[in-house]
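# Chain and residue survey
So you can see what is in the structure, the chains are spelled out below.
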Amino acid sequence: MTGTLRGADIVARSLKRLGCHRLFALSGNHIMSIFDAALDADLDLVHVRHEAAAVHMADAHGRLTGEAGIALVTGGPGHANAVGALFTALGAESPMVLLSGHAATWELGRGGFQELRQADMAAPVTKASWTSTATETLGRDIGEAIRIATSARPGPVHVSLPSDLLDARIEDSAVVWPNWQGLRPAALPDATADRVLAAIAEAAHPVIIAGPQMSTVNGRNLLGRLEAATGAPAVIMESPRGLADATLGAFPDLIKRADLIVLLGKALDFTTKWATGPTFDPDLRIIAIDPDGAMVERAKKEKGEHLLIGCVAGTTSAGETLLARAAKTSKTSTPKPDWYKEARAALDNRPPEWRSIVSQTAGRLHPAEVFRALRPFVERHPDAVLICDGGEFSQWGQSMLPVRRRLVNSVTGSIGSAPSFALAARLAEPKAPVFAVLGDGTIGFHIAEFETAVRRGLPFVAVLGNDARWNAESEIQRRDYGANRMHGCELLPARYDLVIAALGGHGEHVERAVDLPGAIERALASGKPSCINVMIESTAAPTIRLSR
Ligand SMILES: Cc1ncc(C[n+]2csc(CCOP(=O)(O)OP(=O)(O)O)c2C)c(N)n1
Ligand SMILES: [Mg+2]
């Protein structure tokens, strides 16, 4: 016996079939049919307060689980609000899908309600972006979107779903269900892996640089094993600060000495300064292993004959092949012990004065005091999630807090995602603590997501460095235009803790370093989304250099 199915039910059931049980959503006319269908498909709708927050949550889910996070928003303005956040997910190489409602097909070109060229709008910030054209193939579209999002270099995908296709009913037998299987990534051929390993062995000062997609527990473990097998230090570059990312200590001093850089799924871009110019050895050679042929081509264009090997291959699988091939040559200890030791010392370098530095301003802490207090709490649980978002304050956090399960706002440097990331991290990680460090400017973008977190009972601890200033930009004014031309970047020393308490969360206000550990303990014990409003001195982001 055959029946009929509604388009919206096809979408909801397809998601369920593909293992997506949760949607980060904001309602609207065009997608209420999917809200309705979610009931029968037993999909959990996390109803948020801004469409960009839904995208940030799907992004965090994607990064933490490796499975596509799904955001669902309405057409027109809902879609437009969502698009900006896709840029963050693109920069972070995060697998996620944005499903947007869309004006009905019969309205298009006639000034339909909230009609907008949505797929065109999302195209530059996605791996793929299209509008569904038939109810029959909605399921296939969902499967294809997830496949693209999770394959090769992961990233965001957008599909617009016209409302008439969602409302239409078709015969069961006409439905094209998703037939989804993850694509096997291109393999790094053994012979190429052997050439890569030989080049590393021959180099005096090799460095492996991995891209953001490796910023996972598994990715970091893999890089650690590659370091041990090759003696080449392996770093992840995922910050717009590039070589000067405070996470990487004195990396600029280290990279100067490199004679070979192996790019493992890391695009040559502004963060790496295209591996050219005074920062680099003029004879530096490059190996580019990347899932995207265009990135290998770019490396060829940028580096010419200095590109030793270029190969299209999946990042993780290439790393594993390198390890397997390296294991074939018997070694008793890490090769290049002197270089490796030197490299580690540079990467782990933190000025000793940070251990004792204190604020010079009464009622305000130095960022180093904040992170000295926070560090043991982040270290306490091996699965703790750390989110760093914002300007100068969070750079101190990135340099002083342990890195394991960490989400940063990506090479795009797009600020504001922290509350959404924290909420989604809590859903993905039900037990271990979730910490977010962010600035007072940054919290304003999505502060309402604390209400979403309260409503859903999702505790996390946000440590807010409140310097009453957009300090990163203020520091640019100081550097580029002079201290007497710093203006327009001031904020009020607002009591964000009281805002969070008013939304139903837990608030703490701290003006003295001695009070911070107790405030963190109380925030954790509250079992609520919490915000510790720490008054801090405006302090430029740290720069770490070896004193030679
Ligand atoms: C979406 C977005 N808007 C603007 C910027 C530019 N920007 C980068 S950091 C920053 C200041 C952040 O201020 P705050 O969160 O208070 O951190 P602080 O630097 O004061 O520690 C701004 C405006 C950006 N990177 N992303
Ligand atoms: Mg600030």
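This report concerns the structure included in the present document.

Surrounding the magnesium ion (ligand 2) are the protein donor atoms Asp 440 (OD), Asp 467 (OD) and Arg 469 (O), which sit 2.1 to 2.2 Å from the metal. Mapping the donors of the magnesium ion (ligand 2) onto the primary sequence gives the spacing D-x26-D-x1-R. Residue class for Asp 467 comes out buried when judged on its relative accessible area of 8%.

Turning next to empty space enclosed by the protein. Counted by the stated rule, this structure contains two cavities of 30 Å³ or more. Of the volumes computed, that of the largest cavity is approximately 40 Å³. Lining the largest cavity, in full, are Leu 263, Lys 266, Ala 267, Leu 268, Ala 288, Ile 289, Asp 290, Met 295 and Ala 299. Among the elements of the structure, β12 (285–290) and α11 (293–303) are those that each provide at least two residues to the lining of the largest cavity. With three residues, β12 is the single largest residue contributor to the lining of the largest cavity.

In any sheet, the strands associate via hydrogen bonds between backbone groups, in a parallel or an antiparallel arrangement. Read across the open sheet, the six strands follow the order β15-β14-β16-β17-β19-β18; overall the sheet is parallel. Edge positions in the sheet fall to β15 (405–408) and β18 (506–510), since each of these pairs with one other strand and no more. Across this sheet, the average inter-strand angle for adjacent strands is 15°, counted without regard to direction. With five bridges connecting them, strand β16 (residues 434–439) and strand β17 (residues 460–466) associate as parallel partners.

Turning to unusual backbone geometry, a few remarks are in order. With a phi close to 50°, Ala 152 is a non-glycine residue in the positive phi region. With respect to the helices, strands and loops of the structure, Ala 152 is situated in the loop between α6 (138–150) and β7 (156–162).

This part takes up the side chain of Asn 533. By secondary structure assignment, the location of Asn 533 is in strand β19 (residues 529–535). A polar atom in the side chain of Asn 533 sits 3.1 Å from the side chain of His 509. Setting aside chain neighbours within four positions, we find Asn 533 in contact with Leu 464, Asn 466, Ala 494, Arg 495, Tyr 496, Asp 497, Glu 508, His 509 and Val 510.

Procedures and definitions
Residues numbered from 1 in each chain as written. Chains lettered and ligands numbered in written order. Predicted model: local features only at pLDDT ≥ 70, side-chain atom pairs only at ≥ 80, totals over all residues. Heavy atoms only, no water. Donors = N, O, S within 2.8 Å, 3.2 Å for Na, K, Ca; no water. Buried < 20%, exposed > 50% of the residue type's maximum accessible area, 1.4 Å probe, protein only. 1 Å grid on protein atoms, 1.4 Å probe; cavity = no way out; pocket = protein on both sides within 12 Å on 5 of 7 lines; lining within 4 Å. Points joined across faces, edges and corners; volume = space filled by probe spheres on them. Helix = DSSP H or I, 4+ residues; strand = E, 2+ residues; numbered from the N terminus. Pairing = 2+ DSSP bridges. Axes fitted to C-alpha atoms, helices over the stretch in contact; angles between N-to-C directions. Polar contact = N/O pair within 3.5 Å; in protein donor to acceptor, adjacent residues only side chain to side chain. Contact = heavy atoms within 4.5 Å.

Honestly, it's all geometry; don't read function into it.
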